[in-house]
Amino acid sequence: EAQVTQNPRYLITVTGKKLTVTCSQNMNHEYMSWYRQDPGLGLRQIYYSMNVEVTDKGDVPEGYKVSRKEKRNFPLILESPSPNQTSLYFCASSSTFGGEQYFGPGTRLTVT
Amino acid sequence: GDSVTQMEGPVTLSEEAFLTINCTYTATGYPSLFWYVQYPGEGLQLLLKATKADDKGSNKGFEATYRKETTSFHLEKGSVQVSDSAVYFCALSDRSGGGSYIPTFGRGTSLIVHP
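Residues numbered from 1 in each chain as written. Chains lettered and ligands numbered in written order. Predicted model: local features only at pLDDT ≥ 70, side-chain atom pairs only at ≥ 80, totals over all residues. Heavy atoms only, no water.

Examining the state of the cysteines
Residues and elements named next belong to chain A. Note the cut-off: Two cysteine sulfur atoms form a disulfide, by the criterion used here, when they sit within 2.5 Å. Helix and strand assignments follow DSSP, with helices taken as H or I runs no shorter than four residues and strands as E runs no shorter than two, numbered in order from the N terminus.
Applying the stated rule across the entire model yields two disulfides over all chains. Each disulfide pairs two cysteine sulfurs, and for Cys23 the partner residue is Cys91, the sulfurs being separated by 1.8 Å. On the sign convention where negative is left-handed, the bridge of Cys23 and Cys91, at about -70 degrees about the S-S bond, is left-handed. Of this pair, Cys23 sits in strand β3 (residues 19-25) while Cys91 sits in strand β9 (residues 87-94), and the two are 68 residues apart along the sequence.

Here it is, written out as structure tokens:
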């Protein structure tokens, strides 16, 4: 089954404790993105990748890091999480530039 | 930069009512337009899309037409069901390939359908 998976689905952590949210897709897509969803703000892109070892900032990259060492994986790293990073995070992938995106199920992160 | 504006919700309807969710956009190029749907506790999934002016996307009884002259992509359904209750996102994506890959989403419109 074609899908995007994310782990964990739920995470509660404390300020400053480094964490990684994994994302994997099995569709051989070149394009991958991370978004955060906040009430009243819709989806905002954090980082994106157009291929292995090619990543770039989206609209709200501050406080986040990503890497793309393999085509299928695109982890999101929060080196020193803060409470304002409490949000619902989605990973997405796409086969074409500007094409439809396939979303993961989401990771709800709470930073206390 | 590019932007998407969609009507604020929630939109509350009775079953079998007609649905319209307005979406307008601004874009420098010729984007593809999308409607995504998010059911409670799930990720977004593509509902329909259109890639050029006057294209009509349709799926599951929903329709939207790419109107370049009014820069709009309104979502419609003739008869909604309780199972259509969800959040709907209008989105655009530049297809030029020469710039950054930053798809733009509206803020989402919550639809609540009562029996």
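Let's talk about the sheet that holds strand β8 (residues 76-78) of chain A
All names here are of chain A. Stated formally: The rule for pairing is simple: two strands pair if DSSP sees at least two bridges between them.
Spatially, the four strands line up as an open sheet ordered β1-β3-β8-β7, and their pairing is antiparallel. Whereas interior strands pair on both sides, the edge strands pair on one side only; in this sheet they are β1 (4-7) and β7 (65-66). Examined bridge by bridge, β1 and β3 share four bridges and lie antiparallel to one another. Paired with Val4 across the bridge in β3 is Gln25.

Quick look at the interface of chain A and chain B
The cut-off we apply is this: Whether two residues are in contact is decided by their heavy atoms, any of which lying within 4.5 Å being enough. A simple way to read buried area is as the amount of 1.4 Å-probe accessible surface that goes missing from two parts once joined, with both sides added. The rule for a salt bridge is simple: a side-chain nitrogen of Lys or Arg has to be within 4 Å of a carboxyl oxygen of Asp or Glu.
Chain A puts 27 residues into the contact, and the matching count from chain B is 24 residues. Buried area between chain A and chain B, summed over both chains or domains, comes out near 1900 Å², and the portion from carbon and sulfur atoms is 57%. Of all residues in chain A, the largest losses of buried area upon contact with chain B belong to Phe97, Gly98 and Glu100 of chain A, amounting jointly to 31% of the total for that side. If you look at where chain A meets chain B, you find one salt bridge.

Considering unusual backbone geometry
Along the chain, Asn7 of chain A connects to Pro8 of chain A via a cis peptide bond; the corresponding omega equals -5 degrees. Inspection of the secondary structure assignment puts Pro8 of chain A in the loop between β1 and β2 (10-13). For the bond running from Gly9 of chain B to Pro10 of chain B, omega is 0 degrees, close enough to zero to count as cis. With respect to the helices and strands, Pro10 of chain B occurs in the loop between β1 (3-6) and β2 (11-14). Residue Lys60 of chain B is not a glycine yet carries a positive backbone phi of 55 degrees. Relative to the helices and strands, Lys60 of chain B resides in the loop between β7 (56-59) and β8 (62-65). At Thr71 of chain B, a residue that is not glycine, the phi angle is positive and equals roughly 40 degrees. In this structure, Thr71 of chain B sits in the loop between β8 and β9 (75-77).

Brief notes about the sheet that holds strand β3 (residues 19-21) of chain B
The strands that make up a sheet pair up through hydrogen bonds in the backbone, lying either parallel or antiparallel. All names here are of chain B. Definition in use: For every element, the axis is a line fit to its C-alpha atoms; helices are fit only across the contacting stretch, and the angle between N-to-C directions ranges from 0 to 180 degrees.
Ordered by their spatial adjacency, four strands build an open sheet running β3-β9-β8-β7, and the pairing between neighbours is antiparallel. The open sheet terminates on both sides in strands that have one partner only, identified here as β3 and β7. Sheet twist, expressed as the mean angle between neighbouring strand axes with direction ignored, is 15 degrees. Pairing between β3 and β9: three bridges, direction antiparallel. Bridged to Thr20 within β9 is Glu76.

What about the packing of aromatic side chains?
Residues and elements named next belong to chain B. The criterion, for reference: Pairing of aromatic rings covers Phe, Tyr and the six-membered ring of Trp, with a centre-to-centre limit of 6.5 Å; geometry is then stacked below 30 degrees between planes, edge-to-face above 60, and tilted otherwise. A simple rule labels every residue: compare its accessible area, found with a 1.4 Å probe on the protein chains alone, to the largest value its type can have, and call it buried under 20%, exposed over 50%, or partly exposed in between.
Using the criterion set out here, one finds eleven aromatic pairs over all chains in the structure. Seen from their ring centres, Tyr25 and Tyr66 are 6.1 Å apart, and the 80 degrees between their planes marks the pair as edge-to-face. Of the two residues, Tyr25 sits in strand β4 (residues 23-26) while Tyr66 sits in the loop between β8 and β9, which places them 41 residues apart along the sequence. For the pair Tyr25 and Tyr66, one class covers both residues: buried. When the ring of Phe62 is compared with that of Tyr88, the centres are 5.6 Å apart and the planes differ by 40 degrees; the resulting orientation is tilted. Taken together, the residues Phe62 in strand β8 and Tyr88 in strand β10 (residues 86-93) connect sequence positions 26 residues apart. Given the relative accessible area of 3%, Phe62 is considered buried. Its relative accessible area of 1% is what places Tyr88 among the buried residues.

Topic: the nonpolar core
The criterion, for reference: Side-chain atoms within 4.5 Å link the members of a nonpolar core, which is a set of buried Ala, Val, Leu, Ile, Met, Phe, Trp, Tyr and Cys residues.
Counting 25 residues, the largest nonpolar core has Leu19, Trp35, Leu47, Leu48, Phe73, Leu75 and Tyr88 of chain B as its most contacted members. Contributions of two or more residues to this core are made by β2, β3, β4, β5 (32-38), β6 (44-50), β8, β10 and β12 (109-114) of chain B. Those residues in contact with Leu19 of chain B that sit more than four places away from it in its chain are Val11, Leu13, Phe62, Leu75, Glu76, Lys77, Val80 and Leu111 of chain B. In terms of nonpolar packing, the next biggest core, distinct from the first, is built from 19 residues, Leu19, Tyr64, Tyr89 and Leu109 of chain A among them.

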